[in-house]
Amino acid sequence: AFAGAPRGDCFWSYRFAEIMSAGAVPVVYSNGWLPPFASFADPDRVVNWTKCALFIREGKSAETTVHILRAIPDNVVCDMQKCSLAFWDEFASSRDGWLKGILRWVNNGHAVES
């Protein structure tokens, strides 16, 4: 249900999108990384990331991660998986999807006609 998405050489990692394409919930280890279509002022402008991914500060131990994951109820895990896969299907699976997400972000999250 969960898959680790540590950052690569920079904050972004292709692992994040690959995990979502598999219908798993990314567990992101990073300090200060913003997911796609988010901003510090409005982190959930296009996607409510707290429903699609788990963000853990770098430096937390594996034991802490296991404790966090085990505390999440099964129904919440299932909803997070659905959200993750929905993000992949709507935005990350195609160039048109990425453009759609960018346009929504630019338009402050208002729906954009396809």
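First, a word on scope: everything that follows refers to the structure included in this document.

The rules behind the values
- Residues numbered from 1 in each chain as written.
- Predicted model: local features only at pLDDT ≥ 70, side-chain atom pairs only at ≥ 80, totals over all residues.
- Heavy atoms only, no water.
- Helix = DSSP H or I, 4+ residues; strand = E, 2+ residues; numbered from the N terminus.
- Expected span 1.5 Å × (residues − 1).
- Buried < 20%, exposed > 50% of the residue type's maximum accessible area, 1.4 Å probe, protein only.
- Arc of directions from axis to C-beta.
- Contact = heavy atoms within 4.5 Å.
- Core = buried A, V, L, I, M, F, W, Y, C linked by side-chain atoms within 4.5 Å.
- Salt bridge = Lys/Arg side-chain N within 4 Å of Asp/Glu carboxyl O.

1. Some points on helix α3 (residues 74–92)
Here α3 spans 25 Å end to end across 19 residues, near enough to the 27 Å set by a 1.5 Å rise per residue. What α3 keeps buried is the set Val-77, Met-80, Ser-84, Phe-87, Phe-91 and Ala-92. One side of α3 carries all its buried residues, which in axial view fall inside an arc of 95°. The exposed residues of α3 that point more than 90 degrees off its buried face are Asp-74, Asn-75, Lys-82 and Asp-89. In this structure, the buried side of α3 is in contact with β1 (2–6), α1 (14–21), β2 (25–29), β3 (54–56) and α4 (95–106).

2. Points about the nonpolar core
Formed by 17 residues in total, the largest nonpolar core has its most connected members in Phe-16, Met-20, Val-47, Trp-49, Phe-87 and Phe-91. Of all the secondary structure elements, the ones that give two or more residues to this core are α1 and α3. The contact partners of Met-20, leaving out residues within four places of it in the chain, are Pro-26, Trp-49, Cys-52, Ser-84, Leu-85, Phe-87 and Trp-88. In this structure, Val-25, Val-27, Leu-54 and Met-80 belong to the second largest nonpolar core, which totals 7 residues.

3. As for the pattern of salt bridges
Following the criterion strictly, the structure yields 2 salt bridges and no others. The salt bridge partner of Lys-100 is Glu-90, with a shortest N-O separation of 3.0 Å. One end of the pair, Lys-100, is in helix α4; the other, Glu-90, is in helix α3, with 10 residues separating them in the sequence. Among the residues examined, Glu-90 registers a relative accessible area of 30% and is labelled partly exposed. One salt bridge in this structure joins Glu-90 and Arg-104, with 3.1 Å as the shortest N-O distance. Of this pair, Glu-90 sits in helix α3 while Arg-104 sits in helix α4; the two residues are 14 residues apart in sequence, bridging distant segments of the chain. Take Arg-104: its relative accessible area is 18%, and that puts it in the buried class. A network of salt bridges, in which partner residues are shared, links Glu-90, Lys-100 and Arg-104.

All we've got here are geometric facts, nothing functional implied.
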